[in-house]
There are 4 protein chains.
Amino acid sequence: MQPESNTWILTAHCESRLGTVDALTAYLRRTGNYITELNSFDDRLASRFFIRAVFRSSDSQFDEQAFREGFAEQAEPFAMEWSLTPVHHRTKVVIMVSKYDHCLNDLLYRYRTGHLPIEIPAIISNHPDLRGLADWHGIPYYHFPITPETKLKQENQVWDCIQQAGAELVVLARYMQVLSPAMCERLDGWAINIHHSLLPGFKGARPYHQAYEKGVKLVGATAHYVNNALDEGPIITQGVQAVDHAHYPEDLVAKGQDIECITLARAVSYHIEKRVFLHGNRTVVFPS
Amino acid sequence: MQPESNTWILTAHCESRLGTVDALTAYLRRTGNYITELNSFDDRLASRFFIRAVFRSSDSQFDEQAFREGFAEQAEPFAMEWSLTPVHHRTKVVIMVSKYDHCLNDLLYRYRTGHLPIEIPAIISNHPDLRGLADWHGIPYYHFPITPETKLKQENQVWDCIQQAGAELVVLARYMQVLSPAMCERLDGWAINIHHSLLPGFKGARPYHQAYEKGVKLVGATAHYVNNALDEGPIITQGVQAVDHAHYPEDLVAKGQDIECITLARAVSYHIEKRVFLHGNRTVVFPS
Amino acid sequence: MQPESNTWILTAHCESRLGTVDALTAYLRRTGNYITELNSFDDRLASRFFIRAVFRSSDSQFDEQAFREGFAEQAEPFAMEWSLTPVHHRTKVVIMVSKYDHCLNDLLYRYRTGHLPIEIPAIISNHPDLRGLADWHGIPYYHFPITPETKLKQENQVWDCIQQAGAELVVLARYMQVLSPAMCERLDGWAINIHHSLLPGFKGARPYHQAYEKGVKLVGATAHYVNNALDEGPIITQGVQAVDHAHYPEDLVAKGQDIECITLARAVSYHIEKRVFLHGNRTVVFPS
Amino acid sequence: MQPESNTWILTAHCESRLGTVDALTAYLRRTGNYITELNSFDDRLASRFFIRAVFRSSDSQFDEQAFREGFAEQAEPFAMEWSLTPVHHRTKVVIMVSKYDHCLNDLLYRYRTGHLPIEIPAIISNHPDLRGLADWHGIPYYHFPITPETKLKQENQVWDCIQQAGAELVVLARYMQVLSPAMCERLDGWAINIHHSLLPGFKGARPYHQAYEKGVKLVGATAHYVNNALDEGPIITQGVQAVDHAHYPEDLVAKGQDIECITLARAVSYHIEKRVFLHGNRTVVFPS
């Protein structure tokens, strides 16, 4: 069911302490906002508290500014990091690709049909190949070629483009370049990568070929946040697919693409619905 | 991680209304109880609110009676139905069986190893076959034979046994008798049945043979509450298993047993952890 | 790994009888053809034999005509129904749609990228909506509107189009019209339909709404051959997806679309690789 | 459906060469044996041929010795390694355990109910804990304690026991000792180990704790043959289970046990049905 228009998502996290839940719920009640969905989790090992509330304003003229100011006062004593997002907000997502188009095609389809409530102000690639796909969807396509010599310059071009597009999320939809540490730093925690293996197995290049050599009976995909450790960023979600001896490396590649698409799309969906919390090298994900 | 000993589960549901969440959370804060896990859901179509909180008392001498009295006052204006259960409570479960032993064996294993924190004061059967299994686990086994003529009498014996055992939950672990309407009434909402099909497909007898005739490529199992409609009670959880043309009906039966065991055990686990709410013909299940 | 170009698929089925396998394998050896993959199954309940062999010709000038004539002699005593197909054959598939585009989009993507080795000479719809998608892929789009009064006429238009396109397979990719018995007859056994439920549960219209009412915890999709019984044709493959109480009917619809796409694509792939055998109301499917 | 009593499984593998299939099928026909199930696979990268045939003798007095002699002549020119096994053969399986009992319990249940057609002449452990379970099933339990100093001696005791039991298969059902190279050598290719992770991720000790640290969203289990490389033996089958942030390491352990049981039992079943072929570090598994 489509959420009503005056519906908001409030998330917060902070150190574990008595009263954290109440800081939200009492405030929501006092301001006449009805909670339609609520999840909290207290990580006992990390002593960390996470909460996500969806609420409906009874007032058709919800005063966002006043709400924010009021809630900031509640959050302050707990040193909460928090966010407030209207349910109907369309997140600005910049997608980065190389030549593989299965993930891009899948994301564009979900975008086009409204299943992913996003805007895509830019598709960035180090190759020209997928321009046609972008054009057909009416999305600006930026081709920034890269060579070992021009890596720094190209990453600056990419970064300028991301900033000018006003990106709220960057998605690496099989972008086949290793990002520099500086670029990882810029994207730390707000860019999602899809790695075509069940990390931490088969890190690095050609994971399906590695999987073939090992004779595994399952292949998978991992969607994770970019951080400064290659293929080691915090995992958001993973998907899996059975395979057998008759799958040669090329077959594993093909077989894996469905699961890559679905896994990446699920991660993006979780992220834009504010279901994912980052803490250290782990995530808390309140499922839909 | 084992929950600490002064940890409790509080659940409630009532009609949707502003302040329902706060009724719990404010009370918990005021009484110095720390929420470690919280889920709420508001069913917009049914206008019904459901909440489950796990909390830790900071007071090593938690006064249950005082807590109950205090919370009853909060719950009363909302006409909440609610429950309070210590996390370490071992639910008294009476298991009913016939001749199939796979579900019983599985439940007993989880009981024996402590994975299911339950007590089993009685195993009831209309056949003597599984007595040895009960004996080995040191559980009283009640054999109440049944014939069409003695059905009423047998059900009364069963009912007496359930009551004398102080059962908090009855599990029909492949009990192959159709319960009378009167018996269904008695067990309505607090007995779990495992049906060996993906209901509502293949209701009734010999579902695997029906599945074979249809040539399905998936078989499954459904754990549901008993109510007055045979095989139509509210579904708690379902499991599924791929099959193919080479599975004759007997193979489907064998193949289906793993999924029956797992599905039933999951339903029992959800129930005793107070994750399941019944409302009409549907359930709300906050997953673990 | 791409099969080499001189590779063929030979399938056959007939009544169970000694020598059926040998009829193929001896002939293949005698003609110098190397078997790279072989599956046979004997259905004891139906007394029916099914076999699928993939072989590589050692002769770069494989004489198809001579092979066919020679094999026909072997097959004749067993009254085998058989087929011979080059592995690189691109099956001519006519796709029928209405307004939902998720399955079409998915099939077109697999077609465009070569994952499904098919040609699509025509997309037929009773609505104009999906013309743009067809155009972008350079595929002729035939819009044949339908009303209760024009049903017969429209089906004749459709049928003419299918025939003129030289279709070897028809795929109903969420074509939302009930076919007349005459049309079912024409398509019997060589048209694949995707039904958006785990048949035989939730036959007919709006299965996701039915599923919501029942409170099921799994939804799924069924790809089956069209025959003269609505939603009762032989099942090729089925897929499944977990859902919960928070999924309103519209959410189930959205959630189900991924599994519909994957299930339909898998069925088409099995069919064109000659992995599916029809016998009565059941299928034998040798998996990839 | 129970296979009829005069049914046999014939497997073979050898280098790829024209006529390999025919070597079996022609011989089976000539000797009047009816093939009910047949799978072959040719590994193009390894140039290796694998075949498994199930056949029914039309002669109620099947002469095994004569069959073997006759087939040996066919197999010799191809240097085939082959095996012949009656379908009703009950494989002698020696099970090794330490203290964890979930896999043992599961195997014993399948043994007791006939789902796994095996005999268990011995259960061997380095701890006394699971004797009661063995006793209840009437199976001899051998307790061979082990210390770093007595490792060699203990392994010799184990080996003597395995030999005296006439074991055809050894199953390490969570046997928590690293085998010496000499012991690995003895068991190479005919002992199945269950590793409680999705190998090659999380090799070695405490994989669930490793998985927790990485924040993975899926855990799994791998059944593989023992060889001389610890946790690197050829994989037979793998299973997987979704987890989330709320699963502490101990929860992952518990959650993983279901999937360990099912994965190990499936591997044992594949092995005793002669569905698994070993070649180098990979397996070919013809599924049931």
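Predicted model only: the values in this text are computed from it and were never measured. (Residues numbered from 1 in each chain as written. Chains lettered and ligands numbered in written order. Predicted model: local features only at pLDDT ≥ 70, side-chain atom pairs only at ≥ 80, totals over all residues. Heavy atoms only, no water.)

Trainee: It is not clear to me how the relation of the copies chain A and chain D should be interpreted in this structure. Could you clarify?
Mentor: Screw-axis analysis of chain A against chain D gives a translation of 0.0 Å along the axis, an RMSD of 0.0 Å, and a rotation angle of 180°. Both chain copies can therefore be described as sitting about a two-fold axis. Every residue of chain A has its C-alpha some distance from the rotation axis, and the shortest such distance is that of Gly 201 of chain A, at 2.2 Å. (Least-squares fit on C-alpha atoms with pLDDT ≥ 70 in both.)

Trainee: Before we go on, may I ask you to explain the UniProt feature "domain: Formyl transferase N-terminal" (unreviewed entry) in chain A in this structure?
Mentor: Per the UniProt entry, the sites bearing "domain: Formyl transferase N-terminal" (unreviewed entry) are residues 92-268 of chain A in this numbering. Taken end to end, residues 92-268 of chain A comprises 37% helix and 24% strand; its first and last C-alpha atoms sit 12 Å apart. (UniProt positions renumbered as here; feature names shortened; annotations may be inferred. Helix = DSSP H or I, 4+ residues; strand = E, 2+ residues; numbered from the N terminus.)

Trainee: Explanation requested: the packing of aromatic side chains in the structure shown.
Mentor: One pair of aromatic rings is described through two measures. These are the centre distance and the angle between the planes. Tallied over the entire structure, the rule returns 55 aromatic pairs over all chains. Ring geometry for Trp 136 of chain A against Trp 136 of chain C: centres 4.8 Å apart, planes inclined by 25°, an arrangement best described as stacked. Note that Trp 136 of chain A is positioned in helix H4 (residues 131-136) and Trp 136 of chain C in helix H4 (residues 131-136), a pairing that runs across two chains. Residue Trp 136 of chain C is classed as partly exposed on the basis of its relative accessible area, which comes to 28%. (Phe/Tyr/Trp six-rings, centres within 6.5 Å; stacked < 30°, edge-to-face > 60°. Buried < 20%, exposed > 50% of the residue type's maximum accessible area, 1.4 Å probe, protein only.)

Trainee: What is the right way to look at the sheet that holds strand S1 (residues 7-15) of chain C in this model?
Mentor: Hydrogen bonds between backbone groups are what pair the strands of a sheet, and the pairing can be parallel or antiparallel. Reading across from one edge, S4(C)-S1(C)-S3(C)-S2(C)-S2(D)-S3(D)-S1(D)-S4(D) is the order of the 8 strands in this open sheet, with antiparallel pairing throughout. At either end of the open sheet lies a strand with only one pairing partner, and these are strand S4 (81-86) of chain C together with strand S4 (81-86) of chain D. Strand-to-strand twist of the sheet, defined as the mean angle between neighbouring strand axes without regard to direction, takes the value 15°. In terms of strand pairing, strand S2 (residues 33-43) of chain D meets strand S3 (residues 48-57) of chain D through 10 bridges, oriented antiparallel. Note that in S3 of chain D the partner of Asn 39 of chain D across the bridge is Arg 52 of chain D. Each of strand S2 (33-43) of chain C together with strand S1 (7-15), S2 and S3 of chain D is contacted by helix H1 (residues 20-30) of chain D, which is oriented at about 10° to S3 of chain D, the strand it contacts most. (Pairing = 2+ DSSP bridges. Axes fitted to C-alpha atoms, helices over the stretch in contact; angles between N-to-C directions. Contact = heavy atoms within 4.5 Å.)

Trainee: Sorry if this is basic, but what is going on with the relation of the copies chain B and chain D here?
Mentor: There are two copies of the chain, and a rotation about an axis plus a shift along that axis relates them. At an RMSD of 0.0 Å, chain B and chain D line up after a rotation of 180° and a shift of 0.0 Å along the axis. In this assembly the copies share their binding face: 100% of the residues contributing to the interface of chain B also contribute to that of chain D.

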